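Secondary and tertiary structure notes
In case you want the letters, here they are:
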Amino acid sequence: MKTILVTGSAGFIGSNLVLRLLKEMQEGTIVGLDNMNDYYDPTLKEYRLAEIAKVAEKSDVKYEFVKGDLADKALIDGLFEKYHFDVVVNLAAQAGVRYSITNPDAYIQSNMIGFYNILEACRHYPVEHLVYASSSSVYGGNKKVPFSTDDRVDNPVSLYAATKKSNELFAHCYSKLYDIPTTGLRFFTVYGPAGRPDMAYFGFTNKLLKGETIQIFNYGNCRRDFTYVDDIVEGVYRVMQKAPERKKGEDGLPIPPYAVYNIGGGQPENLLDFVNILQEELVRAGVLPADFDFDAHKELVAMQPGDVPTTYADATALERDFGFTPKITLREGLRKFAEWYASFYMSKD
């Protein structure tokens, strides 16, 4: 009977993971933690929590939501002391590359101090497995594609990326010193229903609906490895089941039970193609009118600071170790997003 902590449980990936766990588990306890900050519209977070509550009511699994902050050491220690978690999935983080350029403090508090608090709690209240979110942004300006976990990641181009790389270094250190099994997951451009409004596809939709012009960076030549949220959750769920093995090295000390994987679609999509599919699906779902003049509402512009031209995952290690590779196509995923958007925003009018 497992007891699982999911931090960032009102977030996009976290809420979908909790829903999946409630469906998969027959017994046990899930504790969700989120600070419900207003980095983006909190009503979306409340919507996700309401969806979880509906499923939790019918489940035999005990579910509890705690509103609180990772940076609150006393809170984190108290939760670990109370529940003695078997598995911890740390998805809470201050997200967003561009926001980190103007608001660095939020990233240090959540992504550095918060993650340190989780690691310390895992040390004092030992866990079977700590799974945590890293990011494809750690690859920075790497020219070699696809990005492999064997590549050097010493040149972050944003503070957000630097905090995520620091999480991997911290985890490696704690795995080595304290024999804590840790697995980091480098997510590649996650999208889907009830996603983050600061992500391009969501922001584009909001602007097009208002008749505003959308800016497509790098003149549409950015390529992104878009990964549908269900594929991300499937990857996280599988990784949770199998912690890196504890072994001793020649020095008698533990070989760090530490692993890092990419989770990405493995199919980099040109941003312009992505936007065209999005527009078609928004029309199909009735979000935009059939005669919408798309060309009049798009502007091709130069790269933004902190952005990289291409992200592309080599996810062969995930397939090798867990028998999983993302499957959901871009059109399929954007169709689900467009249908959700229509039902969530337009049915209220």
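Refer to the structure presented above.
In short, a report on the structure. (Residues numbered from 1 in each chain as written. Predicted model: local features only at pLDDT ≥ 70, side-chain atom pairs only at ≥ 80, totals over all residues. Heavy atoms only, no water.)

**A short note on the pairing of strand β6 (residues 182-187)**
Selection rule: Residue exposure (1.4 Å probe, protein chains only): buried if accessible area is under 20% of the type maximum, exposed if over 50%, otherwise partly exposed. Secondary structure is summarised from DSSP: a helix means a run of H or I of at least four residues, a strand means a run of E of at least two, and numbering begins at the N terminus for each. Strands were regarded as paired on the criterion that DSSP finds at least two bridges between them. Note on handedness: a clockwise path from strand one over the helix to strand two, with the strands aimed away from the viewer, defines a right-handed crossover.
For β6, the tally of buried residues reaches 6 of 6 residues, placing the bulk of the element in the interior. Across the two faces of β6 the burial is the same, with T182, G184 and R186 and T183, L185 and F187 all buried. The pairing of strand β5 (residues 129-135) with β6 spans 6 bridges and is parallel. In the strand pairing of β6, A133 is matched with L185. What joins β5 to β6 is helix α6 (residues 159-178), and the crossover it makes is right-handed.

**Some thoughts on the state of the cysteines**
Note the threshold: For this text, the term disulfide refers to a pair of cysteine sulfurs within 2.5 Å.
Inspection of every chain in the model, using the stated rule, returns 0 disulfides. Take C122: it sits in no disulfide, and the sulfur closest to it among the cysteines is that of C173, at 14 Å.

**Comments concerning the packing of aromatic side chains**
Aromatic ring pairs are defined here through the distance separating the ring centres and the angle between the ring planes. Where we set the bar: When two rings of Phe, Tyr or Trp (its six-membered ring) have centres within 6.5 Å they constitute a pair, described as stacked for plane angles under 30 degrees, edge-to-face for angles over 60, and tilted for the intermediate range. Charge-over-ring placement is defined geometrically: NZ (Lys) or CZ (Arg) within 6 Å of the ring centre, and within 35 degrees of the ring normal.
Inspection of every chain in the model, using the stated rule, returns 31 aromatic pairs. A ring pair is formed by Y139 and F147, whose centres lie 4.6 Å apart and whose planes are at 25°; its orientation type is stacked. The exposure class of F147 is buried, given its relative accessible area of 1%. Measuring from ring centre to ring centre gives 5.9 Å for F202 and W340, while their planes differ by 75°; the resulting arrangement is edge-to-face. Here the residue F202 occupies a position in helix α7 (residues 200-209), and W340 occupies one in helix α11 (residues 330-346), the gap between them amounting to 138 residues. Accessibility assignment for this pair places F202 and W340 in one class, buried. The structure contains a cluster of three or more aromatic residues connected by ring pairs, namely Y47, Y191, Y201, F202, F226, Y228, F274, F337, W340, Y341, F344 and Y345. Over the ring of Y40 we find K45; its NZ or CZ atom is 4.6 Å from the centre of that ring.

**Notes on the packing of helix α9 (residues 271-284) against α11**
Put simply, the rule is: Only the stretch in contact is used when fitting a helix axis, every axis being a line fitted to C-alpha atoms; angles between N-to-C directions are given from 0 to 180 degrees. Should an angle fall under 35 degrees it is called roughly parallel, over 145 degrees roughly antiparallel, and 65 to 115 degrees roughly perpendicular, with every other angle called oblique. Each helix crossing is assigned a hand: it is left-handed if the near helix lies turned anticlockwise from the far helix by less than a right angle, otherwise right-handed if that turn is clockwise. Contacts: residue pairs with any heavy atoms within 4.5 Å of one another. Residues are grouped as follows: Ala, Val, Leu, Ile, Met, Phe, Trp, Tyr, Cys and Pro are nonpolar; Asp, Glu, Lys and Arg are charged; every other residue, Gly included, is polar.
Contact geometry of α9 with α11 gives a least axis separation of 9 Å together with a crossing angle of 45°. Compared by their axis directions, α9 and α11 come out oblique. For α9 against α11, the interelement crossing comes out right-handed. Facing F274, I277, L278, E280, E281, L282 and R284 of α9, the residues of α11 in contact are L330, R331, L334, R335, F337, A338 and E339. Here the residues of the contact of α9 with α11 sort into 8 nonpolar, no polar and 6 charged.

**Quick notes on the environment of E281**
This is how the line gets drawn: Polar contact is the term for a pair of N or O atoms within 3.5 Å; when the atoms are in protein, one must be able to donate a hydrogen and the other to accept it, and sequence-neighboring residues count only if both atoms are side-chain atoms.
Within the fold, E281 resides in helix α9. Relative accessible area serves as the criterion here: at 2%, E281 is assigned to the buried category. Excluding its chain neighbours within four sequence positions, the residues that come into contact with E281 are R331, L334, R335 and A338. Among the polar contacts listed, one links the side chain of E281 to the side chain of R335, at a separation of 2.8 Å.

**Side note on the sheet that holds strand β2 (residues 29-34)**
Taken in spatial order, the 7 strands line up as β3-β2-β1-β4-β5-β6-β13 in an open sheet, and their pairing is parallel. The open sheet has two edge strands with one neighbour each: β3 (62-67) and β13 (258-263). Averaged over neighbouring strand pairs, the angle between their axes works out to 15° when direction is ignored. Sheet contacts for helix α5 (residues 104-124): β1 (3-7), β4 (87-90) and β5; angle to β5, the most-contacted strand, approximately 165°. Here helix α8 (residues 229-240) sits on the sheet in contact with β1, β4, β5, β6 and β13, set at roughly 170° to β6.

**Things to note about the pattern of salt bridges**
Put simply, the test is: By salt bridge we mean one thing: a side-chain nitrogen of Lys or Arg within 4 Å of a carboxyl oxygen of Asp or Glu.
Applying the stated criterion to the full structure yields 20 salt bridges. Linking K144 and D151 is a salt bridge whose minimum nitrogen-to-oxygen distance equals 2.9 Å. For D151, a relative accessible area of 14% translates into the label buried. Linking E281 and R331 is a salt bridge whose minimum nitrogen-to-oxygen distance equals 2.9 Å. Taken together, the residues E281 in helix α9 and R331 in helix α11 connect sequence positions 50 residues apart. Given a relative accessible area of 33%, R331 falls into the partly exposed group.

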